[in-house]
Amino acid sequence: MDYAIPFNKPFRSGNELDYVSQAVTAGDISGDGEFAKQCSALLETQFGIKKILLTPSCTAALEMSIMILGIGAGDEVIMPSFTFVSTANAVVRAGATPVFVDVDCRTLNIDPACIRAAITERTRAIIPVHYAGVGCDMDAIMEIATQGNLKVIEDAAQGVNAFHHSQTLGAIGDLGTYSFHQTKNFSCGEGGALCINDDTLIERAEIIREKGTNRSQFLQGTVDKYTWVDVGSSYLPSELTAAFLLGQLEAVDTITSQRRECYQRYMQSFQGSAEAGKMTLPSIPDACRSNYHLFHILVPTPQQQQGLISRLNEQGIHAVFHYVPLHSSPMGIALNSEQAALPVTESCSERLVRLPIYPGLTTEQQDRIVAEVQAFL
Ligand SMILES: *Cc1c(COP(=O)(O)O)cnc(C)c1O
């Protein structure tokens, strides 16, 4: 179905096709070419990340993270239930167990107190998910990790160009993962990156990404032949993808400031409704600088969630909700039939409505969305 106001509209800087065409003309379009190097260098310098490896998706970067840390059968990994399936799949496919915990109702980010309560002698890692581009409480999470000798993989799929204190999301844990999927702020259709913040993990990461070979070291001249040295897979995007991505990464500031305008306009427009108790607005803690990845409101009841989404869709405005909490999904139940209730996750996912937010959403369009929401509530 075509909506007059779509949920998301990809931004184009105008340079993407030119870069793709340069890559084609140059000839070699396999992974880790000149455009991939430029994307990695841009992300490393602009965001203070030790090592960036581009990947075909954030899903792939999450899978790699679990492989790099050697997490497998008998191990537990703590994560929010309120997340995309890829966070959990990476753990399950390695034979390890995802342990789903509740979120903080203000940010819908993993609640550090719930992490503490879920730690057992089998816990190996924590995967905080930075929902909406707003950082988790990384001070508390890193302290818990240090105390318990646990690894931290930040699922920063939604957190590119967002900050916690002065650090970029993705640069804080041992590893971090980015998404450049079509629906994210900066996109090349399908794409991602692995952020490596612990030097000692770089070599293993490069080997796993190159099908279990030491090809990267060979190309760097540190070994004289290349061969199979470990388990691995193919986690390199093509140079065409990297070329397109560079056109997006160069526009990071423009994209973010346009999204910020949309976000702030919603916040101002809905302030009265929030004060009247008709909805709960999102909040950004003082320690965080958001990239305004998404805008959501919480309505008082599940009936209103369904009603509001239908009403907006009927009016040509595409609004959606997410996530079906993973612990209550068919796969989550199959994995653990004795899962305890997660009250904040369950309540919020039934009341959350996401509204369109993207560069190019006009003031008139936003006024229409606001008017429809207010009329319904
Ligand atoms: C989008 C998203 C992913 C998956 O990203 P892909 O690049 O599509 O694999 C993973 N985790 C979260 C929290 C996401 O929002």
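This is a predicted model, so every value here is computed, not measured.

We now examine the overall build of the protein chain. Along its length, the protein chain carries 14 helices and 12 strands. For 377 residues, the compact-globule estimate of 2.2 N^0.38 gives 21 Å, and the C-alpha radius of gyration of the protein chain, at 21 Å, lies within 12% of that figure. The principal-axis extent of the C-alpha atoms belonging to the protein chain is close to 70 × 55 × 35 Å. By the burial criterion, 55% of the 377 residues in the protein chain qualify as buried.

Counting 49 residues, the largest nonpolar core has I52, L54, I141, Y178, F180 and L249 as the members making the most contacts within it. Beyond its immediate chain neighbours, meaning those up to four positions away, L54 contacts A36, C39, S40, L43, G192, A193, R209, Y235, L236, P237, A242 and L245. Among the nonpolar cores identified, the runner-up in size contains 31 residues, and L53, L62, M79 and L194 belong to it.

The full count for this structure, using the stated rule, is 10 salt bridges. A salt bridge links R124 to D75, with the nearest nitrogen and oxygen atoms 3.2 Å apart. With R124 in strand β4 (residues 123–126) and D75 in the loop between α3 (58–68) and β2 (76–80), this residue pair connects regions lying 49 residues apart in the sequence.

As a further point, take the sheet that holds strand β7 (residues 167–168). Sheet architecture is open: three strands sit in the order β7-β6-β10, paired in antiparallel fashion. At either end of the open sheet lies a strand with only one pairing partner, and these are β7 and β10 (288–289). As judged from the two bridges shared by strand β6 (residues 163–164) and β10, these two strands associate in the antiparallel manner. Residue F163 lies in a different strand from β10, and its bridge partner there is R289.

A few words on the site of the ligand. Residues in contact with the ligand amount to 14 residues; listed here are only the nearest, T59, D155, Q158, S179 and K184. At a separation of 2.5 Å, an oxygen atom of the ligand approaches a polar side-chain atom of T59. Interatomic distance of 2.7 Å between a side-chain N/O atom of S179 and an oxygen atom of the ligand. Bound to the protein, the ligand loses 93% of the 390 Å² it would expose on its own. Considering only residue class, the shell around the ligand consists of five nonpolar, seven polar and two charged.

Further remarks concern the side chain of H293. Mapped onto the secondary structure, H293 falls in the loop between β10 and β11 (295–298). We classify H293 as buried; its relative accessible area is 5%. Residue contacts for H293: discarding those within four places in its chain leaves A132, G133, Q158, T183, K184, N185, R259 and I357.

This part covers the pairing of β2. Most of β2 sits inside the fold, with five of its five residues counted as buried. Residues E76, I78 and P80 point to one face of β2 and V77 and M79 to the other, with burial holding for every one of them. Bridging between β2 and strand β3 (residues 97–101) involves five bridges; their strand directions are parallel. What sits directly across from I78, in β3, is V99. In the classification by handedness, the crossover that spans β2, the intervening helix α4 (residues 85–92) and the parallel β3 is right-handed.

Attention now moves to the environment of K151. Along the chain, the position of K151 falls in strand β5 (residues 151–155). Take K151: its relative accessible area is 30%, and that puts it in the partly exposed class. Expressed as a C-alpha distance, the spacing of K151 and R124, which sit 27 residues apart in the sequence, is 6.4 Å. Once you skip the residues sitting within four places of it in the chain, K151 turns out to touch L69, R124, A125, I126, D174 and D198.

What follows is about the sheet that holds β4. Each strand in a sheet pairs with its neighbour through backbone hydrogen bonds, running either in the same direction (parallel) or in the opposite one (antiparallel). Across the sheet, which stays open at both edges, the seven strands sit in the order β1-β9-β8-β5-β4-β2-β3 with mixed pairing between neighbours. This sheet does not close on itself; its edge strands, each paired only once, are β1 (51–55) and β3. Across the sheet, the axes of successive neighbouring strands diverge by a mean angle of 25°, strand direction being ignored. Pairing between β5 and strand β8 (residues 175–179): three bridges, direction parallel.

Thresholds applied
- Residues numbered from 1 in each chain as written.
- Predicted model: local features only at pLDDT ≥ 70, side-chain atom pairs only at ≥ 80, totals over all residues.
- Heavy atoms only, no water.
- Helix = DSSP H or I, 4+ residues; strand = E, 2+ residues; numbered from the N terminus.
- Rg over C-alpha atoms; globule rule 2.2 N^0.38 Å.
- Buried < 20%, exposed > 50% of the residue type's maximum accessible area, 1.4 Å probe, protein only.
- Core = buried A, V, L, I, M, F, W, Y, C linked by side-chain atoms within 4.5 Å.
- Contact = heavy atoms within 4.5 Å.
- Salt bridge = Lys/Arg side-chain N within 4 Å of Asp/Glu carboxyl O.
- Pairing = 2+ DSSP bridges.
- Near = heavy atom within 4 Å.
- Polar contact = N/O pair within 3.5 Å; in protein donor to acceptor, adjacent residues only side chain to side chain.
- Areas by Shrake-Rupley, 256 points an atom, 1.4 Å probe, with all protein chains shown as cover.
- Nonpolar A, V, L, I, M, F, W, Y, C, P; charged D, E, K, R; others polar.
- Right-handed = clockwise from strand over helix to strand, strands pointing away.
- Axes fitted to C-alpha atoms, helices over the stretch in contact; angles between N-to-C directions.

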